[in-house]
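Structural description and commentary
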Amino acid sequence: MSLTIDQLAGYVERDLDGDLARWLPGRPRVEIPASVRPVEPFLAKLPADAATALAGFDRRVRSGTMAQFLDIHDWSYGFDFDANDCAVLDSDYETELAGDDVWSVGADGGGNYYVVLTSGRVAVWLHEEQVIEAGTRFDNIDVFLWSLVRYHAVRAGALDPGAVEADFRSLAQPGALAPDLGLLAHMS
């Protein structure tokens, strides 16, 4: 049976902690200072399900108990694009988004940030071009985090790549499937 996006609704609250404990148990814990800007103003801009998922993720990030599976640090979580004079261009390279219309949930290890958009979708912001890269989107936060946990579990040798690939294909998320950019392209 193929996995569906609807089946992943509520993943952050229901399964994130267990998956991290099972597949990435030795990872250091996320530690960010209390001075990292609060997520609440951004939550008000999101659809209800996305706000619930991001609020749950934020609680885990700030608690100091979540395993480090994204580059989540004071410089990557809740990054203030405006205060750092960084533009946020949409994937058309013309439409400029306000810095407070994206929320950075971590980095990819190469200086690019995973950002939540006000639609509740998640995409990659490329730091060199200061653009939301086309082909990097995930439908929502639950699907994004489910995918990233499995990606890192495969890279750590805790999950079989074949099973993960089949699930990624059934979910049909550009951020997982895009040639050269998606998670599948970098999983081995």
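About the cut-offs
Residues numbered from 1 in each chain as written. Predicted model: local features only at pLDDT ≥ 70, side-chain atom pairs only at ≥ 80, totals over all residues. Heavy atoms only, no water. Axes fitted to C-alpha atoms, helices over the stretch in contact; angles between N-to-C directions. Helix = DSSP H or I, 4+ residues; strand = E, 2+ residues; numbered from the N terminus. Parallel < 35°, antiparallel > 145°, perpendicular 65-115°, else oblique. Left-handed = near helix turned anticlockwise from the far one by under 90°. Contact = heavy atoms within 4.5 Å. Nonpolar A, V, L, I, M, F, W, Y, C, P; charged D, E, K, R; others polar. Buried < 20%, exposed > 50% of the residue type's maximum accessible area, 1.4 Å probe, protein only. Core = buried A, V, L, I, M, F, W, Y, C linked by side-chain atoms within 4.5 Å. Arc of directions from axis to C-beta. Salt bridge = Lys/Arg side-chain N within 4 Å of Asp/Glu carboxyl O.

At a closest axis distance of 10 Å, the pairing of helix H5 (residues 141-155) and helix H6 (residues 161-171) adopts a crossing angle of 155°. By the criterion of interaxial angle, the relationship of H5 to H6 is roughly antiparallel. The handedness of the crossing between H5 and H6 is left-handed. Contacts between H5 and H6 involve Trp 146, Ser 147, Arg 150, Tyr 151 and Val 154 on the former and, on the latter, Pro 161, Val 164, Asp 167, Phe 168 and Leu 171. Classifying every residue of the contact of H5 with H6 gives seven nonpolar, one polar and two charged.

Of note, Phe 144 is situated in helix H5. The exposure class assigned to Phe 144 is buried, which follows from its relative accessible area of 1%. Separated by 31 residues in the primary sequence, Phe 144 and Gly 175 have C-alpha atoms spaced 8.3 Å apart.

What follows is about the packing of helix H4 (residues 48-63) against H5. Orientation of H4 relative to H5, taken along the N-to-C sense of each, is 45°, at an axis distance of 9 Å. Here H5 runs oblique to H4, going by the angle between their axes. Along the contact surface, H4 presents Ala 50, Ala 53, Leu 54 and Phe 57, while H5 presents Ile 141, Asp 142 and Leu 145.

What follows is about the nonpolar core. Judged by nonpolar contacts, the single largest core of 55 residues is most densely connected at Leu 54, Phe 57 and Phe 69. For this core, the leading source of residues is H5, giving 10 residues. In this structure, Phe 69 is in contact with Leu 16, Leu 20, Leu 24, Arg 27, Phe 57, Leu 145, Leu 148, Val 149 and His 152, ignoring residues within four places of it in sequence.

It is worth spelling out H6 at this point. Residues of H6 that are buried: Val 164, Phe 168 and Leu 171. Around the axis of H6, the buried residues are gathered within 65° of arc, so they sit on the same side. Immediately beyond the C-terminal end of H6, within one or two residues, lies Ala 172, with a positive phi of roughly 55°.

In this section: the pattern of salt bridges. Scanning all chains against the criterion turns up 12 salt bridges. A salt bridge links Arg 60 to Glu 13; the shortest N-O distance between them is 3.2 Å. Of this pair, Arg 60 sits in helix H4 while Glu 13 sits in helix H1 (residues 11-14), placing them 47 residues apart in sequence. A relative accessible area of 38% places Glu 13 in the partly exposed class. In this structure, Arg 60 and Asp 17 form a salt bridge, with 3.0 Å as the shortest nitrogen-oxygen distance. In this pair, Arg 60 sits in helix H4 while Asp 17 sits in helix H2 (residues 16-23), placing the two residues 43 residues apart along the sequence.

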